[in-house]
Amino acid sequence: MATGIGNLIMALILALGGSAGVVAIDDAMPEDKPSIEERLTAQSERLDVKLDLIDACRDWDNCTVDNATLDDYEIHVSEKLVRINSCLADYENCTLDDLKKEHDADKANMTFEEKVENRTSRIADGLQMVEACRNVDDCDVDEETLDRIEEKLEKKSDKLERCSQDLDKCEEKHKEKKHKRMKKVRHKVRRHMNEQETV
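These notes cover the structure that comes with them.

So, how was this worked out
- Residues numbered from 1 in each chain as written.
- Predicted model: local features only at pLDDT ≥ 70, side-chain atom pairs only at ≥ 80, totals over all residues.
- Heavy atoms only, no water.
- Salt bridge = Lys/Arg side-chain N within 4 Å of Asp/Glu carboxyl O.
- Helix = DSSP H or I, 4+ residues; strand = E, 2+ residues; numbered from the N terminus.
- Buried < 20%, exposed > 50% of the residue type's maximum accessible area, 1.4 Å probe, protein only.
- Axes fitted to C-alpha atoms, helices over the stretch in contact; angles between N-to-C directions.
- Parallel < 35°, antiparallel > 145°, perpendicular 65-115°, else oblique.
- Contact = heavy atoms within 4.5 Å.
- Nonpolar A, V, L, I, M, F, W, Y, C, P; charged D, E, K, R; others polar.

**So, the pattern of salt bridges**
Tallying each qualifying case throughout the model produces six salt bridges. For Asp147, the salt bridge is made with Arg134, and the minimal N-O distance between the two is 2.6 Å. Of the two residues, Asp147 sits in helix 8 (residues 143-165) while Arg134 sits in helix 7 (residues 112-135), which places them 13 residues apart along the sequence. Taking the relative accessible area as the measure of exposure, Asp147 reaches 39% and is therefore partly exposed. For Arg134, a relative accessible area of 28% corresponds to the partly exposed category. Several salt bridges share partner residues, and in doing so they unite Arg134, Glu143, Asp147 and Glu150 into one network.

**Some points on the packing of helix 4 (residues 67-89) against helix 7**
Two numbers describe how helix 4 lies on helix 7: the axes approach to 12 Å, and their chain directions differ by 95°. Judged by the inter-axis angle, helix 4 sits roughly perpendicular to helix 7. Side by side, helix 4 and helix 7 meet where Thr69, Leu70 and Tyr73 of the first sit next to Arg122, Asp125 and Met129 of the second. Residue composition of the contact of helix 4 with helix 7, by class: three nonpolar, one polar and two charged.

Such coordinate-based values are descriptive only and should not be taken to indicate function.
See below:
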């Protein structure tokens, strides 16, 4: 299941219900797939890096991301980090509901064009933060990680640029792809759970 942890959590909630415990899910997962715990640990590490990049942007005079935007990013990342770290600290009792992200009403009410513009702006901010980290002595994120983040952001930027050339077509493809991906994850989870019950 090569999907982001957020999408995976939502698919698992739809398939199993929010009260399902993550330990039970890990026990039922195929051994060749990363466990929820491993995925959450990796996500926690990525979020720590994001906080370092936000701090670097605050410290670099040439960073063009304004303080209010940095505050919003910091709150969002910190809240997500608290949820994940709380789950990891009490993993035996952690449920999918504990990991569920809060519904963003503002984002839900955006048009697809506004979402593309918002995403484009966030990617530009991310690239600024990477550049800030390279120019601030206190930023401890290694060059290899910065290169990887930068490459990923640039690929997303190119994709959004192509998308903005034909928003209607892009929106249709996005909806179709998202629906197929979530359906595929739900199907895999249910099938594997059924196989476990029959063993």
